[in-house]
Amino acid sequence: MAAALDARYPPETAESWDRVGLVLGRPERTVQRALLVVDCVPETIAEAIAADAQLIIAHHPLLLRGVSSVAPTNHKGRAVHDLIEAGIALYVAHTNADIADPGVSDALAQRLELTGLRPLHPSAPGASTGVGRVGNLHGVMTLAEFTAHAADRLPETVWGVRAAGDPDRTVITVAVSGGAGDSYLADATAAGADVYLTSDLRHHPASEHLADHGPALVDAAHWATERPWLDLVADALRTDLGLDTIVSDVVTDPWTLHASRSGLPR
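It should be emphasised that the depicted structure is a prediction, and the values quoted were computed from it without experimental measurement. (Residues numbered from 1 in each chain as written. Predicted model: local features only at pLDDT ≥ 70, side-chain atom pairs only at ≥ 80, totals over all residues. Heavy atoms only, no water.)

1. Here's the deal with the overall build of the protein
Argument step 1. When you go through the protein residue by residue, the secondary structure sums to 9 helices and 11 strands.
Argument step 2. Against the globule reference of 18 Å for 266 residues, the protein gives a C-alpha radius of gyration of 19 Å, in line with a compact fold.
Argument step 3. Dimensions of the protein along its principal axes, counting C-alpha atoms only, are 55 × 50 × 35 Å.
Argument step 4. Looking at the protein as a whole, 46% of its 266 residues qualify as buried.
Argument step 5. Taking the contacts inside the protein whose residues are at least 6 apart along the sequence as the reference set, 64% of them involve residues at least 24 apart.
Argument step 6. Of the accessible surface of the protein, which amounts to about 13100 Å², a share of 52% is contributed by carbon and sulfur atoms.
Argument step 7. Placing the 19 positive and 34 negative side-chain charges of the protein at their respective mean positions leaves the two points 3 Å apart. (Helix = DSSP H or I, 4+ residues; strand = E, 2+ residues; numbered from the N terminus. Rg over C-alpha atoms; globule rule 2.2 N^0.38 Å. Buried < 20%, exposed > 50% of the residue type's maximum accessible area, 1.4 Å probe, protein only. Contact = heavy atoms within 4.5 Å. Areas by Shrake-Rupley, 256 points an atom, 1.4 Å probe, with all protein chains shown as cover. Lys, Arg positive; Asp, Glu negative; His and termini not counted. Charge placed at Lys NZ, Arg CZ, Asp CG, Glu CD.)

2. Comments concerning the sheet that holds strand β2 (residues 33-37)
Argument step 1. Strand order in the open sheet formed by 5 strands is β1-β4-β3-β2-β11, with mixed pairing between adjacent strands. Each edge of the sheet is formed by a strand with only one pairing partner; in this case those strands are β1 (21-24) and β11 (244-247). The mean inter-strand angle of the sheet, taken between neighbouring strand axes irrespective of direction, is 25°.
Argument step 2. Here β1 runs beside strand β4 (residues 89-92); their pairing, made up of 3 bridges, is antiparallel. From the neighbouring strand, L24 faces β4, where its bridge partner is L90.
Argument step 3. Running over the sheet, helix α9 (residues 222-241) touches β2, β3 (55-58) and β11 and is turned about 170° from β11. (Pairing = 2+ DSSP bridges. Axes fitted to C-alpha atoms, helices over the stretch in contact; angles between N-to-C directions.)

3. Comments concerning the layout of surface pockets
Argument step 1. Taken as a whole, the largest pocket holds about 600 Å³ of empty space.
Argument step 2. Considering the residues around the largest pocket, the lining is formed by 30 residues, among which W17, H60, H94, T95 and H222 are closest to the centre.
Argument step 3. Going through the elements one at a time, α3 (75-86), α4 (95-98), β6 (130-142), β8 (170-180) and α9 are the ones with two or more residues in the lining of the largest pocket.
Argument step 4. Grouping the constituent residues of the lining of the largest pocket by class yields 12 nonpolar, 11 polar and 7 charged. (1 Å grid on protein atoms, 1.4 Å probe; cavity = no way out; pocket = protein on both sides within 12 Å on 5 of 7 lines; lining within 4 Å. Points joined across faces, edges and corners; volume = space filled by probe spheres on them. Nonpolar A, V, L, I, M, F, W, Y, C, P; charged D, E, K, R; others polar.)

Spelled out as structure tokens, the structure:
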């Protein structure tokens, strides 16, 4: 199973700082059922145990930074113990899944019903792989309409979907990048996008981008922009390997409350 996932998402294509591939589990053990998650956290581990899964395929690394101990005195140590004691392997595909074709942003673009996809930041000139995707809507929308469309098509979170720019701006060409994407604001401008949808946008980069007449911005919850990829992987593994796959809908976005003044739009 690990070899099949490595072939689909080669570990060597991940960023140098990333930690991907098989994290826990014996490679020779048989896997009949896998749970696909964005985050390997206590809630999704419990879900895997309840589902009698032998493997968790996660997008975000559990052990991204070096550790000197996996004692169960913090949540990561407890996660390692819970997985081993339950006989559940863990596999991670992160930045290597971000740039894959198809990858995280393809699934996001498909949720938004974009066509004619190309990489936002290609791995190499003319490559079909790379960070993000750029595509076109089937018709013309205003920014306000596209924001509502995104909120309707993406998994629901308390964070929701927010936009920056003229609500009446015409939107046809859309750039997307699953996960934190403010490193690619200039790429969205260069791509001729009318709007750029991503997550974790920060105040100063966003405001400076808009002041320089860049595309309108739509900011969604990090988890919501990456959750669609789980369906893509699950379908591929089910079709290619006959694996029993379950996609987790446990919302692991950390934000749990959203308040605004009464009567004002959120």
